[in-house]
Amino acid sequence: MKNRKPMRSWFYYFVLVGAIAMFVNALYTGFTQGFDRLFTSDDVWGIIFPPLYVAAFFLVPKLKFLQPVSTAPAVAPEQNAPLAAPARLTIIRDSSVVGIALAMGVFLDNQPACTIKNGESATVTLTMKHSVLRVNATGSPNVRLDVTVPEGGVGEVHMKGGVFLPRTLKWNE
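These notes cover the structure that comes with them. In this text the structure is predicted, and so the values were computed from the model without any measurement. For every chain, the first residue of its written sequence is number 1, and the numbers climb from 1 along that sequence. Two thresholds apply to this predicted model, a pLDDT of at least 70 for residue-level local features and 80 or more for giving and counting side-chain atom pairs, whereas whole-chain, interface and lining totals are computed over all residues. As a convention, hydrogens and water are excluded, and side-chain values are obtained from all of the structure's heavy atoms.

1. Describing the nonpolar core
Buried together is how nonpolar side chains tend to be arranged in soluble globular proteins. Heads up, the condition is: Residue types Ala, Val, Leu, Ile, Met, Phe, Trp, Tyr and Cys, when buried and joined through side-chain atoms within 4.5 Å, form a set referred to as a nonpolar core. Exposure categories follow from relative accessible area, calculated using a 1.4 Å probe and restricted to protein chains: below 20% of the type maximum is buried, above 50% is exposed, and the middle band is partly exposed. A run of H or I in DSSP counts as a helix once it spans at least four residues, and a run of E counts as a strand once it spans at least two, with each numbered from the N terminus. Only heavy atoms matter for contacts: two residues are in contact if any of them lie within 4.5 Å across the pair.
Residues I91, V106, L133, M159 and F164 are the most contacted members of the largest nonpolar core, which totals 20 residues. Of all the secondary-structure elements, those providing two or more residues to this core are β1 (82–93), β2 (104–108), β3 (111–116), β4 (121–128), β5 (130–135), β6 (144–148) and β7 (154–160). Per-element accounting of this core gives the leading share, 4 residues, to β1. For L133, the contacting residues outside a window of four places in its chain are L89, I91, V106, F107, L108, V143, R144, L145, V147 and F164.

Set out below in structure tokens:
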């Protein structure tokens with residue numbers, strides 16, 4: 001199923017038409033009864049709200065953090081080579097109030113790898129040169145982590161609040 005952009009259902013189009021009608025009505029009231037009276041009445045919302053809504057209608061779908069996160073690997077499968085010596089990556093989930101009662105599922109190349117509770121860690125074995133780690137959370141581009149793995153490397157990465165902290169990824173070869 002295709003992911004829809006936010007603010008693109010029939011309801012938002014209905015509100016868009018209503019906002020434009022509200023703006024036209026406020027302008028008509030201003031021309032017929034005077035604009036000085038318009039800004040002292042409740043019709044002022046007819047001047048303020050519609051332009052803000054129309055701007056949001058066109059700008060919100062362009063916001064990066066609202067776009068669906070792609071799970072496609074950064075490297076084509078034919079370019080991804082197996083490692084001669086497998087690597088190990090320890091995923092450390094720092095304590096956080098966000099999602100404290102939930103165990104986060106971690107996926108390695110779209111296959112379940114481990115489940116990590118708040119304040120715990122887990123180690124996954126990586127066998128491919130390029131791997132994609134993903135968390136079963138939404139709302140951030142950091143729920144996905146593209147990893148280039150060194151031969152036989154031992155690394156660690158931290159996550160907090162259901163997202164990876166990419167700057168904490170370190171490899172000891």
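2. Some words on the sheet that holds β6
Applied cut-off: The pairing criterion is simple: DSSP has to find at least two bridges between the two strands. Note on definitions: angles span 0 to 180 degrees between N-to-C directions of axes, and those axes are lines fitted to C-alpha atoms, for helices only across the stretch in contact.
On the basis of which strands lie adjacent, the open sheet formed by 4 strands has the order β3-β2-β5-β6 and antiparallel pairing. Both outer strands of the open sheet, β3 and β6, are each paired with one neighbouring strand and no more. Averaged over all pairs of adjacent strands, the angle between their axes in this sheet comes to 25°, without regard to strand direction. In this sheet, β6 lies alongside β5 in antiparallel orientation, the contact comprising 5 bridges. Of the residues in β6, the one forming a bridge with H130 is T148.

3. Things to note about the side chain of S131
Structurally, the position occupied by S131 is in strand β5. The class for S131 is buried, based on a relative accessible area of 3%. Aside from chain neighbours lying at most four places away, what touches S131 is L108, D109, L126, L145, D146, V147 and V149.

4. Brief notes about the sheet that holds β1
Judged by pairing direction, the sheet is mixed, and its 4 strands sit side by side in the order β4-β1-β7-β8 without closing on themselves. Edge positions in the sheet fall to β4 and β8 (163–172), since each has one partner strand and no second. Neighbour-to-neighbour, the strand axes of the sheet open up by a mean angle of 25°, direction not taken into account.

5. A few points about the environment of L108
Relative to the helices and strands, L108 is located in strand β2. The class for L108 is buried, based on a relative accessible area of 16%. Residues L108 and L126 lie 18 residues apart in sequence; the distance between their C-alpha atoms is 8.4 Å.

6. Re the packing of aromatic side chains
Our working definition: When two rings of Phe, Tyr or Trp (its six-membered ring) have centres within 6.5 Å they constitute a pair, described as stacked for plane angles under 30 degrees, edge-to-face for angles over 60, and tilted for the intermediate range. Sitting over a ring, as applied to charges here, requires NZ of Lys or CZ of Arg to be within 6 Å of the ring centre and within 35 degrees of the ring normal.
For the structure shown, the criterion picks out 0 aromatic pairs. Above the face of the F107 ring, R134 is positioned so that its terminal group lies 4.7 Å from the ring centre.

7. Comments concerning the environment of A19
Along the chain, the position of A19 falls in helix α1 (residues 10–33). For A19, a relative accessible area of 1% translates into the label buried. Sequence separation of A19 and F49 is 30 residues, and the distance between their C-alpha atoms is 7.2 Å.

8. So, the pairing of β3
Sheet topology note: the β2/β3 ladder contains 5 bridges and is antiparallel. Residue pairing for β3: L108 is matched across the bridge by Q111. Hairpin connection between β2 and β3: a loop of 2 residues separates the two successive antiparallel strands, and D109 in this loop has a positive phi of roughly 50°.

9. Brief notes about the environment of T115
Tracing the backbone shows T115 in strand β3. Residue T115 is classed as exposed on the basis of its relative accessible area of 56%. As for T115 and M104, which are separated by 11 residues in sequence, their C-alpha atoms are 5.5 Å apart. In this structure T115 touches A103, M104 and G105, once residues within four positions along its chain are discounted.

10. As for unusual backbone geometry
Even without a glycine there, the phi angle at D109 is positive, about 50°. Of note in the backbone geometry, N110 takes a positive phi value of approximately 65° without being a glycine. By the element assignment, N110 lies in the loop between β2 and β3.

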